Structures are given as structure tokens and as C-alpha cells.
Amino acid sequence: MKLYYAPGACSLGIHVLLEEIGKPYETATVKLMEGAQYKPEFTAINPKSKVPTVVRDDGSVLTEFPAIAYWLARTNPQSGLLPDDPDTQARVFEAMDYVVATLHMQGFARMFRPENFSPKPEDAEAVKARGREIFEKGLALVDKALAGKEYLGGASLSIADAALFYVEFWAAGRMKMTLPPNCAAHYQRMLARPAVRKVMQAEGLAA
Ligand SMILES: N[C@@H](CCC(=O)N[C@@H](CS)C(=O)NCC(=O)O)C(=O)O
């Protein structure tokens with residue numbers, strides 16, 4: 001299996017899951033800043049021009065964070081990354097979808113790529129401010145969901161935590177935002193995991 005990733009991008013969460021699972025995998029970096037995602041070498045693999053992209057052992061390609069995370073958890077049940085209980089499982093998907101579809105795609109996407117939301121350069125600051133507002137409001141809800149729990153699914157790591165980790169990294173690690181208390185504790189808990197430390201080193205993100 002091969003993960004196409006960009007250091008510090010949302011692919012960080014899938015990289016963490018692969019390391020947590022502990023089976024051999026390969027990686028390849030995609031230089032997003034240089035536009036490598038739009039070059040034929042990469043679009044031949046993923047015409048969406050996005051990371052994370054996973055090429056599985058049979059050569060088939062899987063894209064979209066939730067789909068990759070789900071497939072990794074289901075094909076590696078020993079990892080416990082997707083709890084069995086349907087109610088907890090539903091909560092895990094509820095949290096993962098909210099992180100990816102709202103905090104990332106509605107919040108951070110506005111902050112990182114305002115031009116995708118308005119072509120007018122004079123709108124950029126307002127678009128970024130709206131992105132930050134969406135992110136902060138959303139993260140406050142995730143913080144509530146984490147109350148009294150170590151991880152989003154309860155006592156053990158799930159696929160939703162890997163998604164939350166990459167947005168926490170963007171907020172706290174990159175943009176120096178103050179995380180709400182339960183998310184701050186969750187971020188530290190994640191950073192202390194050996195698999196996460198290894199991935200942070202591998203992606204050149206370790207402090
Ligand atoms: N919906 C996709 C989003 C993936 C995504 O937005 N990836 C970003 C990096 S965080 C990317 O590859 N951006 C490159 C580009 O849009 O040019 C998923 O869930 O995997």
C-alpha cells in the first residue's frame with residue numbers, strides 16, 4: 001500500500017492511522033506548493049488532484065479521508081480504530097464527518113484558499129474571517145463532545161481522532177490558535193502517542 005501525502009496536509013491523519021495500524025506501507029510526497037497535484041504523473045493516479053490518496057496492494061486507488069479511514073479500520077479490525085458498538089460507531093462518523101466536511105472544508109479552506117470562495121482579492125480578508133468563525137464555532141462543539149473522554153469514541157483512539165488531530169495541528173501547531181481545553185488536552189494526548197511522534201518526524205513537523 002502506498003500513501004500519497006503532503007507534509008502537514010490533511011493526509012497527516014491517514015499517515016497517523018497507517019502508523020497506528022503498524023503494517024508496512026510506502027509513502028510518496030506530493031509537492032502541493034509546486035502544483036505537483038495537477039501534473040499528469042499524479043492526475044493519472046488521482047484526477048481529483050488531492051491528498052490523501054492511497055494506492056492499495058491490488059493497484060486500486062482510494063480517495064477521500066473518511067473513505068480511506070473507514071477502509072483502513074475495517075481491514076485492520078485488530079487496530080480497534082472503529083468501535084463495534086453501533087451507537088459509538090455512529091458518533092465516530094458524526095465527529096469525523098464534521099471535522100472533514102465543516103471544520104476543514106468550510107473553515108480552514110476559507111482561511112487557506114480564500115480565492116476559491118471569492119475571485120475578488122478585496123474579499124480575501126472577509127472570507128478568511130468567516131472561515132475562522134466557522135472553525136472556532138465548530139471546534140467549540142467538538143470540545144463539548146470530548147468532555148469527560150480521552151478520545152472521540154471514548155477511551156480508545158478511533159478514525160475520528162486522526163481527523164481531529166490534523167485540524168488541531170493546523171490550528172495550534174501552524175496558526176498558533178488557542179484550542180479549547182478538551183481539544184488542547186486531546187491534541188497533547190495525540191502528540192504523545194508513539195505513532196504520531198513517528199509521523200511528525202517523518203513529515204518534518206516535529207518541534
Ligand atoms: N475531501 C477531501 C479533501 C482533501 C483535500 O482537500 N486535500 C488537500 C490537502 S489538505 C489537497 O490535496 N489540496 C490540493 C489542491 O486542492 O490543490 C478528503 O476528504 O480527502
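Our subject in this report is the structure included herewith. (Residues numbered from 1 in each chain as written. Predicted model: local features only at pLDDT ≥ 70, side-chain atom pairs only at ≥ 80, totals over all residues. Heavy atoms only, no water.)

Once that is clear, we can look at the packing of helix H1 (residues 11-21) against helix H6 (residues 159-174). Running from N to C, H1 and H6 point in directions that differ by 135°, and their axes come no closer than 8 Å. By the angle between their directions, the pair H1 and H6 is classed as oblique. Crossing hand, H1 versus H6: right-handed. Residues Leu12, Gly13, Val16 and Leu17 of H1 form the contact with H6, whose own contacting residues are Ile159, Ala162, Phe165, Tyr166 and Phe169. Residues of the contact of H1 with H6, tallied by class, amount to 8 nonpolar, 1 polar and no charged. (Axes fitted to C-alpha atoms, helices over the stretch in contact; angles between N-to-C directions. Helix = DSSP H or I, 4+ residues; strand = E, 2+ residues; numbered from the N terminus. Parallel < 35°, antiparallel > 145°, perpendicular 65-115°, else oblique. Left-handed = near helix turned anticlockwise from the far one by under 90°. Contact = heavy atoms within 4.5 Å. Nonpolar A, V, L, I, M, F, W, Y, C, P; charged D, E, K, R; others polar.)

Taken as a whole, this structure holds 0 disulfides when the rule is applied. Note on Cys183: no disulfide assigned, nearest cysteine sulfur contributed by Cys10 at a separation of 18 Å. Exposure remark for Cys183: the relative accessible area of 0% places this residue in the buried category. (Disulfide = S-S within 2.5 Å. Buried < 20%, exposed > 50% of the residue type's maximum accessible area, 1.4 Å probe, protein only.)

Following Val51, the chain continues into Pro52 via a peptide bond in cis, with omega recorded as 0°. Among the structural elements, Pro52 can be located in the loop between helix H2 (40-43) and strand E3 (53-55). At Ser49, a residue that is not glycine, the phi angle is positive and equals roughly 60°. Within the element layout of this structure, Ser49 appears in the loop between H2 and E3. Classification of Ser49 by relative accessible area gives buried; the value is 10%. For Glu64, which is not a glycine, the phi torsion comes out positive at approximately 80°.

This part takes up the site of the ligand. For the ligand, the set of nearby residues contains 17 residues, the closest of which are Gln37, Tyr38, Lys50, Val51 and Glu64. Here Gln37 contributes a side-chain N or O atom positioned 2.7 Å from an oxygen atom of the ligand. Burial of the ligand by the protein chains amounts to 89% of its free accessible area of 520 Å². Those elements that place two or more of their residues in the shell around the ligand are helix H3 (65-75) and helix H4 (86-112). Counting residues per element, the shell around the ligand draws most heavily on H4, at 3 residues. (Near = heavy atom within 4 Å. Polar contact = N/O pair within 3.5 Å; in protein donor to acceptor, adjacent residues only side chain to side chain. Areas by Shrake-Rupley, 256 points an atom, 1.4 Å probe, with all protein chains shown as cover.)

Counting residues in hydrophobic clusters, the biggest one holds 53 residues, and the most contacted among them are Ile14, Phe65, Phe135, Ile159, Tyr166 and Val167. Contributions of two or more residues to this core are made by strand E1 (2-5), H1, H3, H4, helix H5 (124-145), H6, helix H7 (181-191) and helix H8 (194-202). Looking at this core, the element that brings in the most residues is H6, giving 12 residues. Apart from the residues lying within four places of it in its own chain, the contact partners of Phe135 are Leu103, Gly107, Phe108, Met111, Val167, Ala171 and Met177. With 8 residues, the next largest nonpolar core counts Tyr4, Ala28, Val30 and Val55 among its residues. (Core = buried A, V, L, I, M, F, W, Y, C linked by side-chain atoms within 4.5 Å.)

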